[in-house]
Structures are given as C-alpha cells and as structure tokens.
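Summary of structural features
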Amino acid sequence: MAASRRIAIHLEHRSHLQQANLEFLGAELLSALGKPKWQLALRYLWERFRPGPRRLFSKIGAGCKIHPTAIVEGSMLGEGCEVGAYALVRGSILGPGAVIEDGAHVQMCSLGNEARVARQTSVFASVLMDGAHSAQTIMQMSVLGRDTATTTASWFLDVKLDQNVRVEAPPLAPEGAPEPGPPFRDAGTRFLGVDVGHEAFLGAGVYIAPGRMVPSHCRLVANPDLVLSSLGEVSPNTTGGTFTIREGRLEPLQ
C-alpha cells in the first residue's frame, strides 16, 4: 500500500500483521475524510442510492467484478478482484485477484494476492496471505499463510471463557541463559485465533485451540476412527435405534 512509504511499524509476532494492516487502512480513510464535507456527502449519497453494487468510501482497482447485490464499504480492492452475489466486504484490503464468493462476509481483514474466501464463509479481523483459501464457517483473529487451505468443517477456536489464552512460546530469559519452564505463556487476552503456516491444509473435523500455531507444509486430518467406513454388525435393513461410530464401524449404543 502507499501508506507503507510513510508509516513504519515494528512487528514482533505474525499476529501483529492484522494491526499493521488496520493502521494502513486507517491512514487511507483519514486521507479521504480530509476532503470537504459537501464532497463526502455527495459521494455517500451517490454510492448509497445509485443502481448497482454499493461501494461506499472504497477504492476499486481496474478490472474488478462486483455483483450488483454485493456491498463493499470502506475497503481497498486491488486489480481483478471478484465479489460475488450478496457478499459483504467492509473495512478490508484485498490484493490483486482476490475472490470473495457468493454470500461470504469479510470484515476488517487483509487478503493477499489471489486469496479466496469460500461461499457462506465469515472472516473477521484476519489475514490471508497470497493464495490462501478459507472455507470455514467462521474464522476470527487468525492468520493463514501462503497457499494454505481450510475446509468447511474445520474450526479455529478463538475464545477461552475461564482464563486468558496461553500461547506456545517459551518465557523470555536473559541472553545466554536457558529458558526455564513450560513453552506456554499468557497472551493477555481471552480472544485469540490461530496462526497457520505456509502451504498447509486442514481437513474436515479438525479443531484447533486458541493461540496455537500450525507449522508450514502440514496436512491435518481428523481421527479416521470417527469416520464411518463400515456398518459393522448392523444390518442395512435395521430401522430405529441409536448408534455411534467406533473404529470406523457403526455400533449400537448400549
């Protein structure tokens, strides 16, 4: 972004990427608000009531395709982005070629080049790097690395109700001294998502605790014993009853 030429931010953790992008977006919006109020009012009225997609206070790159029913507010879209039917993009930055499919919601997010948010997916306050693909029902305060993909039935847990989230990071120690204690420390918040490395894949049924980091190039799949692969001793003609899955087989509950 142009803001990077006049703002310098020191990042100590990948989760700080979100804050950096919000700072850049805020600088652009403040620059737009510096115009005379009558111009802003006319622009708002025009964008609010004109036919076609709503693009309130947004910068739209060349070649973007925005469905007439989509809403784009306070955002910056690079060249060649696509926003599908009934999708919402609010307070976000989309890199060139990013795709928001039908019915998806993207709010306060930063998407890299050719990143994709699947249909009916809601992404909030997250960063998707180049080529990342999010298909979860909802994802909050998380980071997806380059060319990483999540599936519809994978979940990032982002809230702890009883205590603050603990992240896998050794406690700080003086230089040259060993780092004592377990590799967990208090993150200072009860709301924190998940950080996924580059070229990783999360299959259906995978649940990840708040504040955890998934290494690059990993493929995570759920326990295969929980996937029904055989009827076991149960007849296909059986009707009624209550069953469960054990070691991939269907078994009646006692």
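Keep in mind that what you see is a predicted model, and the values were worked out from it rather than measured. (Residues numbered from 1 in each chain as written. Predicted model: local features only at pLDDT ≥ 70, side-chain atom pairs only at ≥ 80, totals over all residues. Heavy atoms only, no water.)

**A closer look at the overall build of the chain**
Helix and strand counts for the chain stand at two helices and 28 strands. Sorting the 254 residues of the chain into buried and exposed places 37% on the buried side. Of the contacts made within the chain by residues no fewer than 6 positions apart, 24% connect residues no fewer than 24 positions apart. (Helix = DSSP H or I, 4+ residues; strand = E, 2+ residues; numbered from the N terminus. Buried < 20%, exposed > 50% of the residue type's maximum accessible area, 1.4 Å probe, protein only. Contact = heavy atoms within 4.5 Å.)

**Considerations on the environment of Arg-249**
When you line up the elements, Arg-249 lands in strand β28 (residues 249-252). Along the backbone, Arg-249 and Asp-225 are 24 residues apart, and their C-alpha atoms lie at a distance of 8.0 Å.

**What about the sheet that holds strand β8 (residues 93-94)?**
On the basis of which strands lie adjacent, the open sheet formed by eight strands has the order β2-β5-β8-β11-β14-β17-β22-β25 and parallel pairing. At either end of the open sheet lies a strand with only one pairing partner, and these are β2 (59-60) and β25 (213-214). Where strand β22 (residues 195-196) meets β25, two bridges bridge the pair, whose relative direction is parallel. When the bridges of β25 are listed, Asp-195 appears paired with Met-213. (Pairing = 2+ DSSP bridges.)

**Some thoughts on unusual backbone geometry**
Even without being a glycine, Glu-114 presents a positive backbone phi close to 60°. Note that Glu-114 resides in the loop between β11 (110-111) and β12 (116-117). Note on Glu-114: relative accessible area 60%, which makes it exposed. The phi angle at Met-141 is positive, at roughly 50°, despite the residue not being glycine. Residue placement: Met-141 occurs in the loop between β16 (138-140) and β17 (143-144). Relative accessible area serves as the criterion here: at 30%, Met-141 is assigned to the partly exposed category.

**Overview of the pairing of β28**
Where strand β27 (residues 243-246) meets β28, four bridges bridge the pair, whose relative direction is antiparallel. What sits directly across from Arg-246, in β28, is Arg-249. Linkage of β27 to β28, two consecutive antiparallel strands, is achieved through a turn of two residues, within which Glu-247 is found at a positive phi near 55°.

**Points about the pattern of salt bridges**
Between side chains of opposite charge, a pair can form when the charged atoms approach closely. Following the criterion strictly, the structure yields three salt bridges and no others. Here Arg-116 ties to Glu-101 by a salt bridge, and the two come within 2.7 Å at their closest N and O atoms. With Arg-116 in strand β12 and Glu-101 in the loop between β9 (99-100) and β10 (105-107), this pair connects stretches of sequence that are 15 residues apart. You can call Arg-116 partly exposed: its relative accessible area is 33%. (Salt bridge = Lys/Arg side-chain N within 4 Å of Asp/Glu carboxyl O.)

**Some words on a negative patch on the surface**
A surface patch of negative charge is lined by Glu-114, Asp-130, Asp-147 and Glu-199. Among the secondary structure elements, Asp-147 is positioned in the loop between β17 and β18 (149-150). Overall, the relative accessible area of 48% leaves Asp-147 in the partly exposed class. (Patch = residues over 30% accessible without salt bridge, like charges linked within 9 Å, V, L, I, M, F, W, Y side chains within 5 Å. Areas by Shrake-Rupley, 256 points an atom, 1.4 Å probe, with all protein chains shown as cover. Lys, Arg positive; Asp, Glu negative; His and termini not counted. Charge placed at Lys NZ, Arg CZ, Asp CG, Glu CD.)

**Topic: the state of the cysteines**
Under the defined criterion, the tally for this structure stands at zero disulfides. Of the cysteine sulfurs around Cys-81, a residue in no disulfide, the closest is that of Cys-64, at 4.5 Å. (Disulfide = S-S within 2.5 Å.)

**Observations regarding the nonpolar core**
The biggest cluster of nonpolar side chains holds 31 residues, and the ones touching the most others in it are Val-83, Ile-100, Leu-111 and Leu-128. With residues up to four places along the chain from it excluded, the contact list for Val-83 reads Lys-65, Ile-66, His-67, Ala-70, Val-72, Leu-77, Val-89 and Ile-100. (Core = buried A, V, L, I, M, F, W, Y, C linked by side-chain atoms within 4.5 Å.)

**Regarding the side chain of Ser-134**
Tracing the backbone through its elements, the reader meets Ser-134 in strand β15 (residues 133-134). Beyond its immediate sequence surroundings of up to four residues, Ser-134 is in contact with Arg-116, Val-117, Ala-118, Thr-121, Val-123, Leu-128, Met-139, Leu-144 and Thr-150.

**Remarks on the confidence of the model for the chain**
Of all residues in the chain, 70% attain a pLDDT of 70 or more, and the chain-wide mean is 78. Here helix α1 (residues 17-33) stands out as the least confident element of the chain, with mean pLDDT 62; β9 is the most confident, with 96. (pLDDT = per-residue confidence, 0-100.)

**Structural notes on the environment of Phe-243**
Note on placement: Phe-243 falls in strand β27. Each C-alpha atom of the pair Phe-243 and Leu-253 lies 5.1 Å from the other, and the pair is ten residues apart in sequence.

**Quick notes on the side chain of Ser-142**
Its place among the elements puts Ser-142 in the loop between β16 and β17. Reaching out from Ser-142, the side chain makes a polar contact with the backbone oxygen of Gln-140 at a distance of 2.9 Å. When residues no more than four places from it in sequence are discounted, the contact partners of Ser-142 are Ala-125, Ser-126, Val-127, Phe-156, Gly-193 and Val-194. (Polar contact = N/O pair within 3.5 Å; in protein donor to acceptor, adjacent residues only side chain to side chain.)

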